[in-house]
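Listed below, chain by chain, are the residues.
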Amino acid sequence: MQKQTETLFETQFEEEVHTGLTDYPKHLSSKYFYDEKGDKLFQDIMNMPEYYLTNAEFDIFSTQTEKITQLFAKDSESFNLIELGAGDGMKTKILLQNLIDNKVDFDYLPIDISQNVLDQLSNSLKNEIPEVPVKPQQGTYFEALEKIAALTEAKKVILFLGSNIGNLLHPQAIEFLTQVQKLMREGDLFFVGFDQKKNPQTILDAYNDQTGITAAFNKNILARINSELGGNFDLDKFLHWEVYNPETGTAKSYLVSKEQQSVTIEKLDLIADFAPWETIHTEISQKYDDKTVEWLAEKSGLQIETQFTDSKNQYKNYVFKKA
Ligand code: AVI
């Protein structure tokens, strides 16, 4: 009889939490910040005055819409506007309205893992800009992109906004860009938000607000371990800590244990011991300059077609084509 292999973990979340909390130094992935509460906290972050990223990208979309529309509509009868990660579509809606006003022929294909997010976006578009032809695609970015690429010959304009790329280390970012590049054809465009290097204090303030919203966002990963994996983390016994290295452009978030403590996680059969001031690294938010983006593009088989900068020079949207 064949020996059954024992599966220790039921989900990737369980496996990654186990690995991260038994490693030294400890780490957890920021992708687990986002449940219903985490989504709400991130919305609150985007509304904070310190979190300049949202306003900066909004500034680009609202002051340079016409130029963006012209670029997307150039050399083609019609195109698919594909957005990776639908979100609430705040910035995209400015562009969608402008495309409609200019009578451009396009379909809008937001991709998101959450059907709920897609439904909300479709409903709000139905109310606000009913003329937009929306074709929501539920799934992971690459599953959905592959399907779209296989189904249609139409030109693709792919959006990846909000400096979401910054939550990836450079090798992961190159892998991500390369995967998209492989699904692009000549003439397709890839429009990506990259937060820029700037006064280090501005960056630290954006990721360490006085009201404690970012701290709650960071600690939400512990709250999720408590509710989903039977953990007993005391959130007050951890400190949210942000560092920024102006040389590498990397902002890093940590949770720091204020005292010696042991945390039990029932579902993992795990007791995680923390020494006083021991850290859990939770997130990176990379900041970029032109040289770095050019390097990433080159490594990924892409070429920069053009770029858009906000009025305060804090943030850029680069437009890539296949090299
Ligand atoms: C989603 N992502 C681009 C945000 C960022 O800026 O890294 C997440 C975030 N973390 C703390 N504040 C916002």
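Residues numbered from 1 in each chain as written. Predicted model: local features only at pLDDT ≥ 70, side-chain atom pairs only at ≥ 80, totals over all residues. Heavy atoms only, no water.

Digging into the environment of valine 17
Structurally, valine 17 is set in helix α1 (residues 12-22). Sequence-wise, valine 17 and glutamate 36 are 19 residues apart; in three dimensions their C-alpha atoms are separated by 19 Å. Aside from chain neighbours lying at most four places away, what touches valine 17 is Leu28, Ile225, Leu229, Ile265 and Leu268. (Helix = DSSP H or I, 4+ residues; strand = E, 2+ residues; numbered from the N terminus. Contact = heavy atoms within 4.5 Å.)

Quick look at the pairing of strand β2 (residues 78-84)
For β2, the tally of buried residues reaches six of seven residues, placing the bulk of the element in the interior. You can see the chain leave β2, run along helix α5 (residues 90-101) and come back into strand β3 (residues 105-112), and the turn it takes is right-handed. Alignment of β2 against strand β5 (residues 155-160), held across five bridges, turns out to be parallel. Within β5, the residue paired with phenylalanine 79 across the bridge is lysine 155. (Buried < 20%, exposed > 50% of the residue type's maximum accessible area, 1.4 Å probe, protein only. Right-handed = clockwise from strand over helix to strand, strands pointing away. Pairing = 2+ DSSP bridges.)

A word on the site of the ligand
Near the ligand you find 13 residues, and of these Tyr51, Asn167, Tyr207, Glu283 and Ser285 are the closest. A distance of 2.9 Å is found between a nitrogen atom of the ligand and a side-chain nitrogen or oxygen belonging to asparagine 167. A distance of 2.5 Å is found between an oxygen atom of the ligand and a side-chain nitrogen or oxygen belonging to tyrosine 207. Calculation on the ligand without its partners gives an accessible area of 340 Å², and the protein chains cover 98% of this total. Within the residue set of the shell around the ligand, elements represented by two or more residues are α2 (36-46), α10 (213-229) and β11 (279-286). Residues of the shell around the ligand, tallied by class, amount to six nonpolar, six polar and one charged. (Near = heavy atom within 4 Å. Polar contact = N/O pair within 3.5 Å; in protein donor to acceptor, adjacent residues only side chain to side chain. Areas by Shrake-Rupley, 256 points an atom, 1.4 Å probe, with all protein chains shown as cover. Nonpolar A, V, L, I, M, F, W, Y, C, P; charged D, E, K, R; others polar.)

Quick look at a nonpolar patch on the surface
On the surface, a nonpolar cluster with roughly 410 Å² of combined accessible area is contributed by Leu239, Trp241, Val243 and Trp277. Here leucine 239 shows up in strand β7 (residues 238-245). (Patch = residues over 30% accessible without salt bridge, like charges linked within 9 Å, V, L, I, M, F, W, Y side chains within 5 Å. Salt bridge = Lys/Arg side-chain N within 4 Å of Asp/Glu carboxyl O.)

Description of the layout of surface pockets
The volume enclosed by the second largest pocket comes to roughly 220 Å³. Lining the second largest pocket are Leu71, Lys74, Asp75, Ser76, Lys155, Glu186, Gly187, Asp188, Leu189, Glu305, Lys321 and Lys322. The class makeup of the residues in the lining of the second largest pocket is two nonpolar, two polar and eight charged. (1 Å grid on protein atoms, 1.4 Å probe; cavity = no way out; pocket = protein on both sides within 12 Å on 5 of 7 lines; lining within 4 Å. Points joined across faces, edges and corners; volume = space filled by probe spheres on them.)

Looking at the nonpolar core
If you look at the biggest cluster of nonpolar residues, it comprises 63 residues, and the most contacted ones within it are Leu21, Phe72, Leu81, Phe106 and Ile265. With residues up to four places along the chain from it excluded, the contact list for phenylalanine 72 reads Phe79, Leu81, Leu95, Lys155, Val157, Leu159, Leu189 and Phe191. (Core = buried A, V, L, I, M, F, W, Y, C linked by side-chain atoms within 4.5 Å.)

Describing the sheet that holds strand β12 (residues 302-309)
Sheets are built from strands that pair by backbone hydrogen bonding, the pairs being arranged parallel or antiparallel. Taken in spatial order, the seven strands line up as β4-β3-β2-β5-β6-β13-β12 in an open sheet, and their pairing is mixed. Two strands bound the open sheet, and with one partner strand each, they are β4 (137-138) and β12. Against the sheet, helix α8 (residues 170-182) engages β2, β5, β6 (189-195), β12 and β13 (315-322), with an angle of about 165° to β6. Here helix α11 (residues 290-299) sits on the sheet in contact with β6, β12 and β13, set at roughly 150° to β12. (Axes fitted to C-alpha atoms, helices over the stretch in contact; angles between N-to-C directions.)

Re the sheet that holds β7
Strand order in the open sheet formed by four strands is β1-β11-β8-β7, and the pairing between neighbours is mixed. Looking at the sheet topology across the chains shown, the edges are occupied by β1 (26-27) and β7.

Here's the deal with α8
Along its 13 residues, α8 runs 18 Å from first to last C-alpha, staying within 8% of the 18 Å computed at 1.5 Å per residue. When α8 is considered as a whole, its buried residues turn out to be Ala173, Ile174, Phe176, Leu177, Thr178, Val180 and Gln181. (Expected span 1.5 Å × (residues − 1).)

Overview of the packing of helix α3 (residues 52-63) against α5
The N-to-C vectors of α3 and α5 enclose an angle of 0°; their axes lie 9 Å apart at closest approach. Accordingly, the angle class assigned to the pair α3 and α5 is roughly parallel. Contacts between α3 and α5 pair Thr54, Glu57, Phe58, Phe61 and Ser62 from the former with Met90, Lys91, Ile94 and Leu95 from the latter. In terms of residue class, the contact of α3 with α5 is made up of five nonpolar, two polar and two charged. (Parallel < 35°, antiparallel > 145°, perpendicular 65-115°, else oblique.)

Examining α2
Along α2, the residues classified as buried are Gly38, Leu41, Phe42, Ile45 and Met46. Burial along α2 is one-sided: seen end-on, the buried residues are contained in an arc of 145°. Tucked inside the fold, the buried residues of α2 contact α3 and α10. Between the side-chain oxygen at the start of α2 and the backbone nitrogen of lysine 37 there is a gap of 3.2 Å, and the oxygen is on aspartate 35. (Arc of directions from axis to C-beta.)

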